[in-house]
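# Overview (structure and organization)
One-letter residues, chain by chain:
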There are 2 protein chains.
Amino acid sequence: MSSIDTQKLSNAIRFLAIDAIVRAGEGHQGVPLGMAEIATALFTRHLKFNPADPQWPDRDRFVLSNGHGSMLLYALLHLTGYANFGIDQIRTFREMGSHCEGHPEFDTASGIEVTTGPLGQGIANAFGMAVAEAYLNAKFGAGIVDHYTYAFVGDGCLQEGVGQEMISLAGHLKLGKLILCWDDNRITDDGSTTLSISENVSERFRVAGWHVVEVDGHDLEAVSDALAQAKADPRPSMLACRTTIARGIARLQGQRGGHSGRLFDKDADAARNAMNWPHAPFEIPDDVLHSWREAGRRSEDEYRAWRERVASLPAPARAEFDRIQAGELPEGWRQTLETYKRDAGTRDEAPGGIMISAEINDLLANVLPERMVGCADLEAPTSHKRSLRAFTVEDRGGAYVHCGVREHVMGAMANGMAAHGGVIPLTVTYLAFSDYERPAMRMAALMGLPVKFVFSHDSIGVAKNGPTHQPVEILASLRAMPNMHVFRPADAVEAAECWMLAYERTSGPSTMVFARQALPLVRTKHEDDNRSARGGYVLAEAEGGVRRVTLIATGSEVALALAAREQLQAAGIATAVVSMPCCERFDDEDAAYRSSVLGADAVRVVVEAAVRFGWDRYIGERGGFVGMKGFGASGAAEALYEHFGITPRHIVEEVKRHL
Amino acid sequence: MSSIDTQKLSNAIRFLAIDAIVRAGEGHQGVPLGMAEIATALFTRHLKFNPADPQWPDRDRFVLSNGHGSMLLYALLHLTGYANFGIDQIRTFREMGSHCEGHPEFDTASGIEVTTGPLGQGIANAFGMAVAEAYLNAKFGAGIVDHYTYAFVGDGCLQEGVGQEMISLAGHLKLGKLILCWDDNRITDDGSTTLSISENVSERFRVAGWHVVEVDGHDLEAVSDALAQAKADPRPSMLACRTTIARGIARLQGQRGGHSGRLFDKDADAARNAMNWPHAPFEIPDDVLHSWREAGRRSEDEYRAWRERVASLPAPARAEFDRIQAGELPEGWRQTLETYKRDAGTRDEAPGGIMISAEINDLLANVLPERMVGCADLEAPTSHKRSLRAFTVEDRGGAYVHCGVREHVMGAMANGMAAHGGVIPLTVTYLAFSDYERPAMRMAALMGLPVKFVFSHDSIGVAKNGPTHQPVEILASLRAMPNMHVFRPADAVEAAECWMLAYERTSGPSTMVFARQALPLVRTKHEDDNRSARGGYVLAEAEGGVRRVTLIATGSEVALALAAREQLQAAGIATAVVSMPCCERFDDEDAAYRSSVLGADAVRVVVEAAVRFGWDRYIGERGGFVGMKGFGASGAAEALYEHFGITPRHIVEEVKRHL
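About the thresholds
Residues numbered from 1 in each chain as written. Chains lettered and ligands numbered in written order. Predicted model: local features only at pLDDT ≥ 70, side-chain atom pairs only at ≥ 80, totals over all residues. Heavy atoms only, no water. Contact = heavy atoms within 4.5 Å. Buried area = accessible area lost by both parts, 1.4 Å probe. Salt bridge = Lys/Arg side-chain N within 4 Å of Asp/Glu carboxyl O. Polar contact = N/O pair within 3.5 Å; in protein donor to acceptor, adjacent residues only side chain to side chain. Helix = DSSP H or I, 4+ residues; strand = E, 2+ residues; numbered from the N terminus. Nonpolar A, V, L, I, M, F, W, Y, C, P; charged D, E, K, R; others polar. Core = buried A, V, L, I, M, F, W, Y, C linked by side-chain atoms within 4.5 Å. Buried < 20%, exposed > 50% of the residue type's maximum accessible area, 1.4 Å probe, protein only. Phe/Tyr/Trp six-rings, centres within 6.5 Å; stacked < 30°, edge-to-face > 60°. Lys NZ or Arg CZ within 6 Å of the ring centre and 35° of its normal. Pairing = 2+ DSSP bridges. Domains from an automatic or database assignment.

Going by an unreviewed UniProt entry, chain A carries the name Transketolase and comes from Caballeronia novacaledonica.

## Focus: the interface of chain A and chain B
Between chain A and chain B, the residue contacts involve 96 residues of the former and 96 residues of the latter. Buried area between chain A and chain B, summed over both chains or domains, comes out near 8000 Å², and the portion from carbon and sulfur atoms is 55%. Among the residues of chain A in contact with chain B, A:Met96, A:Arg442 and A:Phe613 are the three that bury the most area, contributing 10% of the side total. At the boundary of chain A with chain B, the tally comes to eight salt bridges. Along the contact surface separating chain A from chain B lie 56 residue pairs in polar contact (both at pLDDT 80 or more). For the side of chain A that touches chain B, the element with the highest residue contribution is helix α19 (residues 434–447) of chain A, accounting for eight residues. Of the residues contributing to the side of chain A that touches chain B, the split by class is 35 nonpolar, 33 polar and 28 charged.

## Quick word on the nonpolar core
Membership of the largest hydrophobic core comes to 348 residues, with the highest contact counts inside it found for A:Phe127, A:Trp210, B:Phe127 and B:Trp210. Residues contacting A:Trp210, with those up to four places away along its chain left out, are A:Met166, A:Ile167, A:Ala170, A:Gly171, A:Leu178, A:Leu180, A:Phe205, A:Arg235, A:Pro236, A:Ser237 and A:Met238. Formed by 65 residues, the second largest nonpolar core is a distinct cluster that contains A:Ile90, A:Phe152, A:Cys241 and A:Ala271.

## Focus on the side chain of A:His28
Topologically, A:His28 is positioned in the loop between α1 (3–24) and α2 (30–34). On the accessibility criterion, A:His28 (12% relative accessible area) is buried. Here the side chain of A:His28 touches A:His68 through a polar contact of 3.5 Å, landing on its backbone oxygen. Residues contacting A:His28, with those up to four places away along its chain left out, are A:Ile21, A:His68, A:Gly69, A:Arg94, A:His259, A:Ser260 and B:Asn465.

## Topic: the packing of aromatic side chains
Residues and elements named next belong to chain A. With the rule as written, the count across this model stands at 41 aromatic pairs over all chains. Relative to tyrosine 503, the ring of tryptophan 333 lies with its centre 6.2 Å away and its plane at 65°, an arrangement referred to as edge-to-face. A residue pair is termed long-range when its members are at least 10 positions apart, and tryptophan 333 in helix α15 (residues 333–344) and tyrosine 503 in helix α21 (residues 492–504) qualify at 170 residues. For the pair shown, tryptophan 333 and tyrosine 503 are each scored as buried. Each residue in the set Phe43, Phe49, Phe62, Tyr82 and Phe152 is aromatic and connected to the rest through ring pairs, giving one cluster. For lysine 139, the ring lying beneath its charged end belongs to phenylalanine 140, and the centroid distance is 5.7 Å.

## With respect to the pairing of strand β3 (residues 178–184) of chain B
All names here are of chain B. The buried fraction of β3 amounts to seven of the seven residues, a majority that puts the element mostly inside the structure. Side chains of β3 alternate between two faces, with Leu178, Leu180, Trp182 and Asp184 and Ile179, Cys181 and Asp183 buried alike. The pairing of strand β2 (residues 149–153) with β3 spans five bridges and is parallel. Looking at β3, one finds that alanine 151 is bridged to leucine 180. Here β3 pairs with strand β7 (residues 237–242) via six bridges, running parallel. Following the sheet pairing, cysteine 181 is matched in β7 by leucine 239.

## What to know about the environment of A:Ser507
All names here are of chain A. On the secondary structure map, serine 507 appears in the loop between α21 and β13 (510–513). Accessibility expressed as a relative area gives 47% for serine 507, which makes it partly exposed. In this structure, the C-alpha to C-alpha distance between serine 507 and aspartate 155, residues 352 residues apart in sequence, is 33 Å. Excluding residues within four positions of it along the chain, serine 507 makes contact with Gly448 and Asn483.

## Side note on the domain arrangement of chain A
Residue and element names in this part refer to chain A. Domain boundaries assigned for chain A yield domain 1 (3–303), domain 2 (333–513) and domain 3 (532–658). Spacing between the C-alpha centres of domain 2 and domain 3 amounts to 25 Å. Opposite the 25 residues of domain 2 that make contact, domain 3 presents 33 residues. Interface of domain 2 and domain 3: buried area, both sides summed, is about 2300 Å²; carbon and sulfur atoms make up 58% of it. Contact with domain 3 buries area across many residues of domain 2, yet Ile460, Val472 and Arg488 alone supply 29% of it, more than any other trio. Our count for the domain 2 to domain 3 interface comes out at three salt bridges. A salt bridge links glutamate 608 to arginine 479, with the nearest nitrogen and oxygen atoms 2.8 Å apart. There are 15 residue pairs in polar contact (both at pLDDT 80 or more) connecting domain 2 and domain 3. When residues of the side of domain 2 that touches domain 3 are traced back to their parent elements, those giving at least two are α20 (474–479), β12 (485–487) and α21.

Quick look at the structure:
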């Protein structure tokens with residue numbers, strides 16, 4: 001293609017963006033106009049993709065981390081021929097129901113790899129995709145999962161802490177197939193980047209071990225050469241692309257307003273004149289569209305060759321590859337946990353809560369080889385490494401990622417792995433630090449990614465480390481999140497059941513919450529049913545008459561509720577105990593079941609070593625609560641439970657107050 | 001002091017830590033044993049402090065960012081003579097009620113500058129202290145607020161995103177009086193730091209514009225020289241102190257177990273032999289204690305000179321200095337907001353919610369000059385800069401900190417400012433990104449710091465930017481946090497009232513939540529009372545009979561509730577509307593008031609464009625809810641409110657369903 005051709009190709013992106021943004025009355029033109037040449041270089045010469053099969057497992061991944069520039073992505077998907085991005089979609093940018101939403105929303109079937117917008121998440125997702133690729137590449141051999149991961153990124157993503165964590169960890173892990181293109185336009189929404197940053201960003205990457213190429217972002221040939229260098233270099237690469245924000249809009253380009261200042265028809269008209277683009281809005285001339293569609297078919301040979309390679313894999317490898325790509329669990333995984341559950345019900349000793357989770361997951365290490373575990377420098381106290389090897393530069397087959405003290409990128413990495421496919425990611429840290437990971441957890445919930453977020457040290461049971469390390473509000477804050485299932489099992493039996501439910505859940509993330517302290521057995525009678533499946537259930541029914549009281553508890557407090565029930569029953573008060581390992585699942589049950597469990601006419605007292613917020617829907621107007629009223633304190637666990645009034649005696653008192 | 005003396009001084013720290021940790025049965029010896037010489041150099045030769053007046057406004061600030069090493073701080077406070085850290089406290093380390101809690105808890109009266117433990121927070125707090133110092137220094141002239149801020153920091157703090165954000169921003173702002181001492185022990189809880197980091201940390205600081213000195217952390221003279229260099233250098237300084245973790249415990253030093261592996265009596269005995277420390281546990285020989293107490297009096301002359309300088313300030317400056325140090329608000333501040341409130345009730349146009357907050361705060365720019373505002377690259381859409389100047393290298397008198405896209409360090413900076421005193425910090429960003437700031441918000445709530453966390457774009461009203469930018473669960477997650485007051489005013493009148501309450505609140509943080517869209521007036525009749533003070537109140541009483549329905553709403557949904565009330569009243573259903581700008585304040589009211597507002601016998605329907613979670617305590621068993629069931633979508637605001645069923649029509653239907 002001649003040089004005038006490539007400029008037309010880039011301008012096609014520009015005018016689709018301009019026309020859509022003018023029509024919508026809002027949008028962010030800075031990115032699509034500033035990165036049009038970079039995108040053209042990548043999509044017409046380097047990216048391995050197939051618009052006819054957007055979910056081709058071995059496609060290169062492309063993440064628009066500066067997701068506000070969504071029209072860049074939509075323009076590319078339209079031009080290269082993705083079925084769900086016809087011109088009608090571009091015309092309805094930002095309207096209800098359009099595929100062209102304000103920010104890109106996860107939809108791999110349509111060509112969107114991941115939801116982006118909250119800054120820093122996208123590049124951290126891309127990092128996770130590159131980890132998954134390296135792991136699967138090692139597992140199946142080169143040529144099966146063997147692709148690059150590209151991310152476009154603006155200044156904001158690189159200022160965010162999660163972005164900085166990613167730079168450090170990706171450099172450490174030397175993920176050579178991760179390539180960032182930085183839109184170095186030196187403008188933010190507030191004005192010059194010099195308002196808030198002085199450091200040499202390229203140098204910051206180099207310190208972390210990255211390969212950096214500095215290039216004119218409007219010189220397509222130079223960008224293409226830089227991409228070629230990046231692909232060849234064994235280090236992760238960052239292309240520092242010097243660009244002009246909103247290039248092509250004379251009134252705004254290179255200015256603060258270029259970011260998202262409103263565009264009008266007259267801006268579009270002026271741009272048409274200046275760039276010699278005499279076509280009507282949303283009209284792409286045939287020759288330009290033809291070239292773009294050709295680019296969309298560039299990887300067809302590679303696609304066919306890949307299919308042949310997969311087809312000629314030995315049958316067991318082929319079956320395994322198909323299985324993990326489909327996200328299906330293998331034969332026997334459930335039996336492993338059923339056996340654990342049966343054995344757990346007969347054990348004498350009471351293991352620490354998080355140790356139960358570690359035991360369960362260790363049993364799955366070989367049964368579910370697609371599991372990858374990230375942990376934030378807490379290997380010993382959370383114990384989910386065990387028989388896993390570390391994922392390192394030398395050993396890409398290791399399934400345990402030492403994330404360092406970087407919870408945020410750990411969570412976002414897991415999202416990227418889940419979006420990539422072929423891998424089931426877990427992350428492990430303390431519950432008190434889930435707040436550090438929370439922006440990524442929200443994205444998992446929003447995207448419906450089946451990440452397992454595992455937490456230990458779930459209450460004042462942490463004891464002497466004090467209130468900084470004692471979650472009290474965090475269970476509530478996570479239960480408030482749509483599409484997040486929060487599991488807090490009471491013992492090893494429930495833990496096995498909850499882990500079965502978490503591994504079965506594919507429509508969203510699961511938060512697995514465990515105590516640090518020992519969880520004595522509360523499910524002493526074996527039952528084949530997964531009782532946790534309904535979220536809450538009657539663990540011990542009232543005896544000696546009509547139920548007058550229902551004690552509802554979770555996790556480590558179920559044992560306290562059982563002890564209180566003994567005292568109440570002894571006093572002639574017919575009392576049931578409900579274990580509620582997962583409120584979200586319970587809420588999905590029908591009203592009759594819920595009412596039968598809660599006890600329509602019973603006084604209900606909830607017991608949880610956390611705040612009451614969110615529990616009133618079960619307590620109703622006559623019941624009570626035994627738990628925390630504020631932050632915790634530093635002291636021995638027994639002293640704290642007594643001090644904060646979370647004991648069988650206090651439960652009995654609370655019941656009597658409400659009877 | 002001779003060299004043998006200084007070693008004894010450092011060893012006094014070591015043995016207090018060892019004895020306390022052995023007695024407690026747990027603790028983190030790695031830091032106090034590894035940083036004993038660094039601490040001795042700082043506290044005996046450089047730190048400006050006065051144990052007899054721990055809150056001396058011009059003291060150097062000292063933050064133990066690696067807060068798990070709390071025994072280092074407690075040992076220093078004991079040795080230098082802080083009244084609340086007698087040997088009885090050291091002996092009760094980690095026991096309920098001891099000042100020596102598992103992690104240091106904010107208590108400036110006792111000598112603890114800030115709560116630390118969650119990694120990265122402490123150094124970011126220290127950064128905020130340095131900003132406050134520079135601002136107050138510019139305001140009152142050198143010699144009044146003119147001190148250094150020191151922080152001890154481990155590898156974890158520097159891996160955390162918030163730490164990286166701090167490095168970048170502090171370098172940019174060239175805060176020359178901020179000095180970090182890095183405990184470069186090359187060991188983490190998981191083992192060698194090489195498991196998770198490869199970059200040259202010193203170089204990373206240099207890239208960001210820091211002055212770095214590399215030094216042997218066990219050579220007290222070298223550390224002292226490095227501290228002298230750091231104080232003289234105009235850049236922020238980082239002392240990379242090469243240390244051995246748990247130095248002195250032969251079995252653990254330099255090892256992974258050095259971090260917090262359990263210490264036993266035999267370890268203490270061996271250490272006593274090896275370090276020639278023949279003293280009983282918790283016993284400090286007189287000569288050593290005498291030297292330490294002398295060090296504690298080192299700054300007495302400076303202290304007296306400072307008091308004289310303050311005493312000889314011109315009377316207005318003196319009064320102003322005393323006022324802001326006491327955290328008292330000036331004459332007239334309230335009148336400014338009362339006037340705004342009165343005028344707001346007569347305005348014709350309906351300003352955008354966040355613009356109302358901006359107007360109010362702009363009126364206070366000169367009235368409350370101690371306000372400092374941080375904003376995360378959203379100056380225009382959130383508009384809280386206006387007549388403020390930027391805080392820059394050249395202009396330390398600017399009160400607006402351009403934080404860049406770094407929400408987390410912004411929040412932690414504000415905590416450091418509030419802990420420093422003399423400054424009232426606000427932070428401003430979008431509510432959807434409060435999750436990025438949340439770990440700092442939790443620390444503000446835990447410490448009881450009066451930070452104002454301001455948020456815009458508070459619901460699906462954000463519209464076309466889509467679900468990433470639409471908070472639905474975030475109000476609930478913040479209301480779940482103990483000691484956090486969440487204000488969501490309905491119009492400009494309520495906004496003025498809520499801002500009065502926020503500025504009056506000194507016992508904890510306030511979250512101020514505003515819509516992006518216009519907030520039409522709902523408080524059209526002027527009332528002198530601050531009706532928002534009780535958290536919730538009857539905005540429109542039922543008419544034409546006994547109240548049958550109570551609609552409870554917040555923020556932008558109050559106007560919808562009023563419109564629904566019109567329809568219900570027209571249908572003969574006596575309906576009241578309750579505005580609930582602050583649930584936490586409402587919950588603090590007595591039961592009689594709460595019952596009168598909610599309507600004991602009324603059907604109650606809550607209306608909020610967010611999830612129901614947490615609202616059931618007001619809804620009761622017969623009521624309903626109109627709001628969000630999951631994440632939002634991208635589209636026009638009207639289309640979204642209709643799609644999600646948050647309109648007067650839907651409210652009326654929900655009421656009728658429950659009547």
